Amino acid sequence: MSEVLVTVGTTGTDTSVPAVSGAPQFRRRLRAQRAALVAAAVVALLVLTALAAPLLTALEGQDPTTYHPSLIDSARGGVPVGSLGGIGAEHWLGVEPQTGRDMFARLVYGARVSLGVSLGAAVVQVVLGVLMGVAAGLGNRWVDLVLSRITDIFIAMPLMITALALLAVVPNGFPRPVLVAAVIALVSGWSMTAKMVRAQTLTLRGLDYVSAARLSGWSTWRIALRELLPGLAAPVITYAALLVPMNISAEAALSFLGVGVQPPTPSWGQMLTSADVWYQAAPQYLLLPAGALFVTVLAMTVLGDGVRVALDPRAASRLRIGTGRRREARSRTAVPGAGTAVPSAGTDPTAGTADPTAGTAVTEKEGRP
């Protein structure tokens, strides 16, 4: 129903060809943004590091839970022995204070937990938000009212206080990363996604092709799947890319408060919690997880912004038109009188110029008796 055909008119012919797909245009616009490409490479490297954590730690010969008391100077309060936190061939990033656990192993395994929690929560947030938003946008007045009020309630709920209350009553035997992801997904994120999807659905439902599908007798959910979801893809994907860094920060904050992922399972937020008193004696213990969090959140944010620009043809068109106008203005300033004919020497500047009144004068003379 919403398939677009481009008509190419030529002399005596009329050919209809399918319109060019949006995927090549999206890739072309994304490749034009160097910052987004760098951010995508950083995100891909982080994901590969998290997936290959067992292989990387086996290559180093360490694991994230083994204590090394011989590498700790008990006389100095548990500071690692050696320079830079005990960095060496056996411990690539040194060891933790007081425990002697390998920092590299805990960082890469912590990436699995932090990225897994944030990505899993983002998937739940997007699915739940799209379902609630489309149902509210396509439903009748009462459905829209009830779903909108439910969404407003979850928007008003403070994440940290609600998460602290929920995580405190759940038994310790429940898998903590799954619980943290579920709490982050259900308390925050999906409600704003639902609001955004509802607004976009109300805009799209008034377009001609959606009205034509409704008049053709299509059901509500068929219209939603065939006509609305393609139009919702760009804003939903853009918002999902921005949800991931928000979820990473939320998991780190919950672990910092002591209600997130529990030891001995490593996570970046939990490492920050343990490192708050070691920033002077062993600064690498604080800087390594904080730097990993900073790089991940920054890369996800830049990538989300790049995806937004690549999926928004209006923004790309404004940038392109503005650049062309500025280039044309610069060229006119650099070359005075550009675009006008300059008469050569020995020629009459008025030669070849038609007098606009000549034809009228002749006609009047010929018309006189």
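Residues numbered from 1 in each chain as written. Predicted model: local features only at pLDDT ≥ 70, side-chain atom pairs only at ≥ 80, totals over all residues. Heavy atoms only, no water.

Engineer: Please provide a residue-by-residue account of empty space enclosed by the protein, values included.
Structural biologist: For the coordinates displayed, the defined rule picks out 1 cavity of 30 Å³ or more. Empty space within the largest cavity amounts to approximately 50 Å³. Those elements giving two or more residues to the lining of the largest cavity turn out to be helix 4 (103-138), helix 5 (141-156) and helix 8 (190-204). Residue classes in the lining of the largest cavity are distributed as 4 nonpolar, 3 polar and 2 charged. (1 Å grid on protein atoms, 1.4 Å probe; cavity = no way out; pocket = protein on both sides within 12 Å on 5 of 7 lines; lining within 4 Å. Points joined across faces, edges and corners; volume = space filled by probe spheres on them. Helix = DSSP H or I, 4+ residues; strand = E, 2+ residues; numbered from the N terminus. Nonpolar A, V, L, I, M, F, W, Y, C, P; charged D, E, K, R; others polar.)

Engineer: Residues and numbers for helix 8, please.
Structural biologist: Taking 1.5 Å of rise per residue, the 15 residues of helix 8 would be expected to cover 21 Å, and the 21 Å separating its terminal C-alpha atoms lies within 8% of that figure. Looking at helix 8, one finds that the buried residues are Trp190, Ser191, Thr193, Ala194, Met196, Val197, Thr201 and Leu204. Buried positions along helix 8 lie against helix 4, helix 5, helix 7 (176-187), helix 9 (208-215) and helix 10 (220-256). (Expected span 1.5 Å × (residues − 1). Buried < 20%, exposed > 50% of the residue type's maximum accessible area, 1.4 Å probe, protein only. Contact = heavy atoms within 4.5 Å.)

Engineer: Requested: an account of the confidence of the model for the chain, with residues and values cited.
Structural biologist: Overall, the prediction assigns the chain a mean pLDDT of 78, with 78% of residues at 70 or greater. Confidence over residues 1-21 falls short of pLDDT 50; this stretch has 24 contacts with residues more than four positions distant or in other chains. In this model residues 316-324 is a low-confidence stretch, pLDDT under 50, and it forms 1 contact with partners more than four residues away in sequence or in other chains. (pLDDT = per-residue confidence, 0-100.)

Engineer: Can you tell me about helix 10, naming the residues and giving the values?
Structural biologist: With 37 residues, helix 10 extends just 45 Å between its outermost C-alpha atoms, more than 12% less than the 54 Å of an ideal straight helix rising 1.5 Å per residue. In the structure, helix 10 departs most strongly from a straight axis at Leu229, where the bend amounts to approximately 50 degrees and where the proline Pro230 lies between one and four residues downstream. Phi turns positive one or two residues past the end of helix 10, at Gly258, with a value near 90 degrees. (Bend = angle between axes of the 7 residues up to and from the residue.)

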